[in-house]
Amino acid sequence: CASTPDEEVPETLSEAEMYKMATHSIDNSRYNDAIKTLRTLESRYPFGSFAEQSQLDIIYAYFMNSEPEAVRAAADRFLRLHPNHPNADYALYMKGLASNTSAMGLLERYLPLDYSKRDPGQARQSFSEFSELLNRYPDSRYAPDARQRMVALRNRLAAYEIHAANYYMKRKAYVAATNRGRYVVENLQKTPAVPEALAIMVEGYQRMGLIEPANEALEVLRLNYPESDALNEKGEFIGYQSFGDVNPSLLYTVTFGLLGDSGVNKQLEGIPDLSQEETPKPPAKGQ
Amino acid sequence: CGMFSKDEEEVRTPKPLTSFEASVEMKQVWSQSIGEGVQGGYERLKPSVFGDVIYSAGAEGTVSALEAETGKRLWSRKLGVQVGGGINAMQGMLLLGTLDGRVLALNAEDGSDLWETRVSSEVISVPQVSGDTVVVQTIDDTVTAINAENGKIIWSQENLQPALTLRGSSSPRIEKGAVFAGFHSGEARAYRIEDGTPLWVSKVALPKGSSELERMVDINSSPLIVGDNVFMVSYQGNAAALDMYSGRVRWNREISSYKSMSSGFGSLYLTDQDSYVSSIDQRTGAVGWRQDQLEYRQVSAPTAYSSYVAVGDLDGYVHLLSQVDGSVAGRYKVGTAIKAQPVAAGDLLFVLDAKGKLYALDRK
Amino acid sequence: CASSTESGSRLISFPGAYKIDIQQGTVITQEMVDQLRPGMTRNQVQYVMGSPLLEDAFNRDRWDYVYSMQPGGEKRTQQTVTIFFKDDRLASVKGDLRPTPQ
Amino acid sequence: FVVSDIRIDGLQRVSAGTVFNSLPIEVGDDVLSPQVAEAARSLFRTGYFNDIQMGRDGNVLVVSVVERPSISQIKIEGNKAIKTEDLMKGLSSSGLSEGEIFQQATLEAIRLELERQYVSQGRYGARISADVEALPRNRVKLTINVKEGKVATIRHINVVGNTVFPHEEVLDLFELKETGMFSFFGSSDKYSREKLSGDLERLRSYYLDRGYINFNIRSTQVSISPDKQSVFITVNIDEGEKYTINEVNLSGDLIIDEEEARNLVLAKPDQTFSRRIITTTEEILSRRLGNEGYTFANVSGIPTPNHENKTVDLTFFVEPGRRAYVRRINFSGNTKTEDEVLRREMRQMEGASANTENIEQSKVRLERLGFFRQVDVETPPVPGSSDQIDVNYTVEEQPSGSITASVGYSQSDGLLLGGSISQSNFLGTGNNVSIGLNKSDVSQLYNFSFTDPYYTVDGVSRGFGLNYRKYDYKDSDISSYAADTWGGDVRFGYPISETESINFSAGVEGTKITTGKDTPDYITEYLKKEGKQFTNVKATLGWSESELNRGLLPTRGYSQSASLQVTVPGSSVTFYKLNYRAQYFQPLTKSLTARFAGRLGYIAGYGDTSTIPFFEHYYGGGFGSVRGYKDNTLGPKAKEKNGNNFNSIGGDFIFEGTAEILFPLPFVKDQRSLRTSLFLDFGNVFNSSCGTSNGKANPDIEDCYKPSFDQLRYSAGVGLTWITPLGPLTFSLAKALNPKGKDEKQVFQFSLGAPF
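Sequence order as written defines residue numbering, which begins from 1 separately in each chain. Chains and ligands are labelled by the order in which they are written, letters from A for the one and numbers from 1 for the other. Residues qualify for local features only when their pLDDT is at least 70, as the model is predicted, and side-chain atom pairs are given and counted only at 80 or more; totals for whole chains, interfaces and linings, by contrast, use all residues. Excluding hydrogens and water, the side-chain values take into account all heavy atoms of the structure.

Enquirer: Can you help me understand the side chain of Asn536(D) in this one?
Expert: All names here are of chain D. Structurally, Asn536 is set in strand β24 (residues 533–546). For this analysis, a polar contact is any N or O atom pair within 3.5 Å, provided that within protein one partner can donate a hydrogen and the other can accept it, and provided that sequence-adjacent residues contribute only side-chain to side-chain pairs. One polar contact links the side chain of Asn536 to the main-chain amide nitrogen of Val573, over a distance of 3.3 Å. Throughout, a residue-residue contact means that at least one pair of heavy atoms, one from each residue, lies within 4.5 Å. What Asn536 contacts, discounting residues up to four positions off in sequence, is Gly507, Val508, Glu509, Thr567, Ser571, Ser572, Val573, Phe575 and Glu616. The way it works is that DSSP assigns letters per residue, a run of H or I at least four long becomes a helix, a run of E at least two long becomes a strand, and they are numbered from the N terminus.

What follows is the structure, encoded as structure tokens:
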């Protein structure tokens, strides 16, 4: 009794009317209906003049309907059928956006969660999709926004490394912390996390008694980031930071910090967040 | 679409029988139960007549000897082992093969054990004997020769098999010092009986099609030797006449059957996979006649019986078709489905049904 | 050097608290160090000592092999061996273990 | 001729770009006819075009194409066993879906694809035919009709040549089963090549594990009946002889001392040879080497049989390989939980020597958190280095707490507003937070508790809690009084070993009792003696140990905890409470596990307190106690002042426990968030003195016994727990076996978010 679902979209509609109907449902954000109409339009008039445009619109509809996998599939299909279509850059751009938000479930999206402390897997994938867009369509209209998002993603990846390094500093696992710092310095240059990474390396080397590498790193820190918190006005290294939860005394813990001594407690400042402005609609036909 | 609804409709529905005016009447002489029937299995259990005694074996191992004329039970014995192939009463010896890979030889007088030999796999075809050598073919397509006196293995020849085979196994034939056997690969081979050296190999049918199912060309029916022709038929392949000495294919005709053939008046009779009984001229391979009234009635292998061809079907009817034009000459209802090939001896026709009841029929 | 959070006086005063051991770096044995010869290539050094966990980001010609162990709550002990290269050949070995002269 | 321009006509759906891409000729080339033919061939290879004509108009190359029709609709009829969506998925995976270009080859591909799907389901008799119907605008409609035929079932499996083990024992090893009464239930009687090879492997190891070193499977026959509905499987084997172990020796660089290695070896001289013992010994030895940092260690046990006396000499070759180091530890799948919450559970450090025991222990610690449904670890070698590995943990998060919200109205209680959140991984920070606010005309309940399990990086936990409860109503299950309580506490804990930790807390609790008209005399007398206001300062010292394999719904290991709670002298009532709880899991078979759990509690007064305040008593029955009895109705009960129903007043000694069999539900695939069990609960609440203030049993008190085994209440039934985002949902159907006196039975019990 599994009969194929009948078509809600009447058979008689012409191509143009169907496209108008789809755009209408997109405008007042009835994305499910838009998707259904666009899919029927494409299967009924695969060669019509609206076919390409409807494939673009369906990518947008899937995205706004928060179905990241479907966005990626629709974008791939569009790129396969029309490799050098003028708006192919839009498909690539939306692929990057989709993998950026695909990890966020309903709950996470509205809660103040710091994504630099969580699974960076999506960030790396979205970063690679945006970089594919940049080197295939450097002058696409989405390039600037993509570039900006890539910067944010790199910052987020760098911040992730710093969090891990901080944990290892607390644990006094100095080889691990220094290597995490070195990873940021070597692979994620020009991110705001680099000064912290250098400071971690300096402190790590010092704790391990490796004076020359410590001074080399300090020299680089002094030259490039004189205003770093780890340096005083005279440029001497005043220690990366001390963590409140490493060795609090029993008294300090029991009295919730009223008495006893817990050592300096300076946490890392906030890391720049992802730009959250409006997602762009696909360019109208022929633009 | 319910979970248990009968959603698996029958792909081939048996054709209902139509009325006809009978030219021969059959009557039952006697009937006896000989033990457990073959039920759903595809083993080769059919009775064998030697002298005026008919011997038969039930699937669960009861062997009995009955007087052919009267059906009086001479002796019967419970072996307590699953019998796969047999029974063959030859030279005072009873031969049968078992599902746990053994060949048993019993004394025809009283059914006492003579010897027992372990072979490489299940035996679901009839062991043959000639002189002092017993030859048996197991379902892994190995042909083994055993000394008839003491049961020692003389030689054995293995053959390659396709991944998927058709359930059933051909019984070899011994003629003029050579063993002729058909295999699941669609090949026919001949071996010298003394030492098993291969004489010739020839292709009865070639696998065709894309899936394993389409490429099955198993020879499950036993070779039929008439004069110096060895007739063979394969499933989804051809019937072929091979020259006994060289294995050269004299003629082949596209037909698919997995049941043994019989012969009479210069033609071959066989039941094909859709239960059409046909007659093929032995010399040219041309089709004499083709009886389609029994379509899909799971018709047994045919046996020439006086001037008729006798077959059994799934409802327990014995049909006599005229050897001349294949028209239905007579029909007689016995107990339940008849799977084994009927056995003709003198003017009696012995039929074994799936429930293990043996009937002796004669013309009125 | 920097003010550290680990001055001895304020050791943790939770009685019997369990702390995990913190092990870092490559195991270095005298027998490994003895196999070092000046002029060895980087691969040969790596075969003898194992790959350097602490490659120096700013000085390619220096490999530090550090082994440190801090059993739960106790003091941290460390052994260091530093290898210096000159145009990709082993030039000198410094640190707690030195190749015993033949 | 020199091509001045290229014109393509007949293009409908395929974009001009694709044509230009696959056209080897550009504007300006000097072109001869073979090149043109080559161009046509390369265009044809794209598969988009039915027909290509290369023409010439002056110097312009004219390419006129007829595009292949695209499939506008695929309709499948006659299929019942396999749903249309599954068939469609199979088709689109081989590139055939609506909107794709139609090619004749696709029709054959469709037929083969569907046939393959049916054969894989055991329907060998299936026959498929497809017909094509042209539609306007160069489109095509495909209708495929299917005759499925019956499913081929396995009629008989025969192992020829087995003399040592009885036929049934050998057949039990097989996953494939002969068709029987219950075979329509599963698919064990459907032939599949993978299952057969798995079965043969099990058969081989069954023999090899029992000494038959020369066991050999000579050949296997899979045959099918002519009507394609029965499959016959025959396996021909040679068993060979049974061998025993002669001598065992070790060789190669052992790293650990010979003595320790030798007693790790399970194989002992003149024991029956068994391949399983060899493989387990190999595992034990290589894991032991892993603990020394040699994660690439390789141990192989080589048997050298000597056929005369049927014995085997065993030599274990040990190659430690290079000592491995961990470069990075990566986590993936933790979209909600913070990285540090996982990293702080790690016993393996980055930049340190890899230790398999630590890596495995870290995985168990992650599972013990209870935040993850599934934790997997893999240690891929770092490309380009011979002795470095990365450790990658993949986690699958699961709801770890409960959220309830309720709005209701009842004549007795008026408008009911309530909500509670209790999360053990609040916002992914790993902190345990629970907030509860319930407001109705009759009662207000507010509570808040916060615990940070990792206040220090070594796992010193710290937390505090506040609660305020105000009742002004008669009807609650506990005898007719209402207890308004307010209080707060501070709690700490720290680990004293890998699995044990101690905790201590201190808090103050105020209680005010208001009685109703039916309050039993027992209570009114007590309140007359002690007054209605109580303020107690409580201090608790606890010890707990957990070796469970998972935080939520564990299936192996055990856990126990003991605590002593004392009210500090100077409080209005001075008493101490001793609690002990334990649970133990014992796996029975691959899918069945037994769970035994128990709880003991004892209160006693000290100093000038002789009788314990009734609101501090233990109450039994219901969830987390003896299921099948109404909540809190076990144990001593006092008759209400007027009318003769009884309210339970609890007791100062409680003993309860349960024995459960945990079994997987047959149809449910994801067993990790669901637990079903058959249980036998037992227990009761006792009282050392049954309020016999005047020497003989007080008539108003019922079911009051001194602690004794024969007064235990029993119940048996079936329980189900399901972890949902809203919290653990628990049902239980239980029959009280021996209710006595005034015990109230309750067959069906349900709760959301209750601790279980």
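Enquirer: Is there a simple way to explain the confidence of the model for chain D in this structure?
Expert: The predicted structure's coordinates, where accompanied by low pLDDT, should not be read in detail. All names here are of chain D. The quantity known as pLDDT measures the predictor's confidence residue by residue, on a range of 0 to 100. On average, residues of chain D carry a pLDDT of 83, and 94% of them reach 70 or more. For chain D, helix α1 (residues 16–21) is the element with the lowest average pLDDT, namely 71, and strand β25 (residues 557–567) is the one with the highest, namely 93. In the predicted structure, residues 475–479 sits below a pLDDT of 50 and forms 11 contacts with residues beyond four places in sequence or in another chain. For this predicted complex, the interface score ipTM comes out at 0.68, while the overall pTM is 0.69.

Enquirer: It is not clear to me how the packing of helix α5 (residues 88–101) of chain A against helix α8 (residues 143–170) of chain A should be interpreted in this structure. Could you clarify?
Expert: How two helices sit against one another is set out by the angle between their axes and by the gap between those axes. Residue and element names in this part refer to chain A. Helix axes are fitted only over the stretch in contact, all axes being lines through C-alpha atoms; the angle between N-to-C directions runs from 0 to 180 degrees. Where α5 meets α8, the axes come as close as 11 Å, and the angle between the chain directions of the two elements is 30 degrees. One way to sum up the angle between α5 and α8 is to call them roughly parallel. Handedness of the α5/α8 crossing: left-handed. Side by side, α5 and α8 meet where Tyr93, Leu97 and Asn100 of the first sit next to Asp145, Ala146, Arg149, Leu153 and Arg156 of the second. For this scheme, ten residues count as nonpolar: Ala, Val, Leu, Ile, Met, Phe, Trp, Tyr, Cys and Pro. Four count as charged, namely Asp, Glu, Lys and Arg, and the remainder, Gly too, count as polar. Grouping the amino acids of the contact of α5 with α8 by side-chain chemistry returns 4 nonpolar, 1 polar and 3 charged. Roughly parallel here means an angle under 35 degrees, roughly antiparallel means over 145, roughly perpendicular means 65 to 115, and every remaining angle is called oblique. The hand of a helix crossing depends on one turn: near helix anticlockwise from the far one by less than a right angle means left-handed, and clockwise means right-handed.

Enquirer: Mind showing me how you'd approach the environment of Leu133(A) here?
Expert: Residues and elements named next belong to chain A. By the secondary structure assignment, Leu133 is in helix α7 (residues 121–136). For every residue, the accessible area obtained with a 1.4 Å probe (protein chains only) is divided by the maximum for its type, and the residue is called buried under 20%, exposed over 50%, and partly exposed between those limits. Classification of Leu133 by relative accessible area gives buried; the value is 0%. Linking Leu133 and Tyr90, residues 43 residues apart in sequence, is a C-alpha distance of 8.9 Å. Look past the residues within four positions of Leu133 in its chain and what remains in contact with it is Asp89, Leu92, Tyr93, Pro138, Tyr142 and Ala146.

Enquirer: In this structure, what is going on with the environment of Ile245(D)? I would like to understand it.
Expert: Residue and element names in this part refer to chain D. On the secondary structure map, Ile245 appears in strand β10 (residues 244–252). The class for Ile245 is buried, based on a relative accessible area of 2%. Separated by 22 residues in the primary sequence, Ile245 and Ala267 have C-alpha atoms spaced 7.8 Å apart. Those residues within four positions of Ile245 in sequence are excluded, and the remaining contacts are Ala267, Lys268, Pro269, Asp270, Gln271, Thr272, Phe273, Val312 and Leu314.

Enquirer: What exactly am I supposed to notice about the sheet that holds strand β5 (residues 62–67) of chain B here?
Expert: Across a sheet, paired strands are connected by hydrogen bonds in the backbone, their directions being either parallel or antiparallel. Residue and element names in this part refer to chain B. Pairing within the open sheet is antiparallel, and its 4 strands lie in the order β3-β4-β5-β6. Both outer strands of the open sheet, β3 (48–50) and β6 (73–78), are each paired with one neighbouring strand and no more. Between one strand axis and the next, the sheet turns by 15 degrees as a mean value, whatever way the strands run. Pairing between strands is defined by DSSP: at least two bridges between the two strands are required.

Enquirer: How do you make sense of the confidence of the model for chain C when you look at a structure like this?
Expert: Looking at chain C, pLDDT values average 79 and 85% of them are 70 or higher. Counted against residues more than four places away or in other chains, residues 1–12 of chain C, with its pLDDT under 50, gives 16 contacts.

Enquirer: Hey, could you run me through the pairing of strand β8 (residues 216–224) of chain D in this one?
Expert: Looking along a regular strand, one sees the side chains alternate between the two faces of the sheet. Bridge count between strand β15 (residues 164–166) of chain B and β8(D): 3 bridges; the pairing is parallel. Bridging across to β8(D), Leu166(B) finds its partner in Ile224(D). Strand direction decides the pairing type here: β8(D) and strand β9 (residues 230–238) of chain D, joined by 8 bridges, are antiparallel. Its bridge partner being in β9(D), Ile217(D) is matched across the sheet by Ile237(D). Taking the residues between adjacent antiparallel strands as the criterion, β8(D) and β9(D) are bridged by 5 residues, where Lys228(D) takes a positive phi near 60 degrees.

Enquirer: Got a minute to help me understand the packing of helix α1 (residues 15–27) of chain A against helix α2 (residues 31–44) of chain A in this structure?
Expert: All names here are of chain A. Where α1 meets α2, the axes come as close as 8 Å, and the angle between the chain directions of the two elements is 160 degrees. Taken as axis vectors, α1 and α2 run roughly antiparallel relative to one another. Relative to α2, the crossing made by α1 is left-handed. Here Glu15, Met18, Tyr19, Met21, Ala22, Ser25 and Ile26 of α1 come into contact with α2, specifically with Tyr31, Asp33, Ala34, Thr37, Leu38, Thr40, Leu41 and Arg44. For the contact of α1 with α2, the class distribution of residues is 9 nonpolar, 3 polar and 3 charged.

Enquirer: Mind showing me how you'd approach a nonpolar patch on the surface here?
Expert: Residues and elements named next belong to chain D. A cluster of nonpolar side chains, namely Ile403, Ile421, Leu588, Ile661, Leu678, Val718, Leu726, Leu733, Val747, Phe748, Phe750 and Leu752, defines an oily patch on the protein surface of about 1000 Å² accessible area. Per-element tally for the nonpolar patch: the top contributor is strand β35 (residues 748–752), with 3 residues. Take Ile421: it is sitting in strand β18 (residues 414–423). Looking at Ile421, the relative accessible area reads 33%, which means it is partly exposed. Patch building starts from residues that exceed 30% relative accessible area and form no salt bridge, then joins like charges within 9 Å and nonpolar side chains (Val, Leu, Ile, Met, Phe, Trp, Tyr) within 5 Å. Note on areas: Shrake-Rupley, 1.4 Å probe, and residue coverage restricted to the protein chains presented here. Salt bridge, as applied in this entry: a Lys or Arg side-chain nitrogen positioned within 4 Å of an Asp or Glu carboxyl oxygen.

Enquirer: Honestly, the interface of chain A and chain D in this entry has me stumped. Any pointers?
Expert: Many authors give the size of an interface as the accessible area that is lost as the parts come together. Each partner contributes residues to the interface: chain A has 43 residues there, and chain D has 46 residues. Accessible area that two parts lose when put together, evaluated with a 1.4 Å probe and summed over both, is termed the buried area. Around 4100 Å² of area is buried between chain A and chain D when both sides are counted, 53% of it from carbon and sulfur atoms. The residue Arg180(A) makes a salt bridge to Glu350(D) at a minimum N-O spacing of 2.4 Å. Contributing elements (two or more residues each) for the side of chain A that touches chain D: α2, α4 (68–81), α8, α9 (174–187) and α12 (250–254) of chain A. When residues in the side of chain A that touches chain D are grouped by element, the largest group, 6 residues, is from α8(A).

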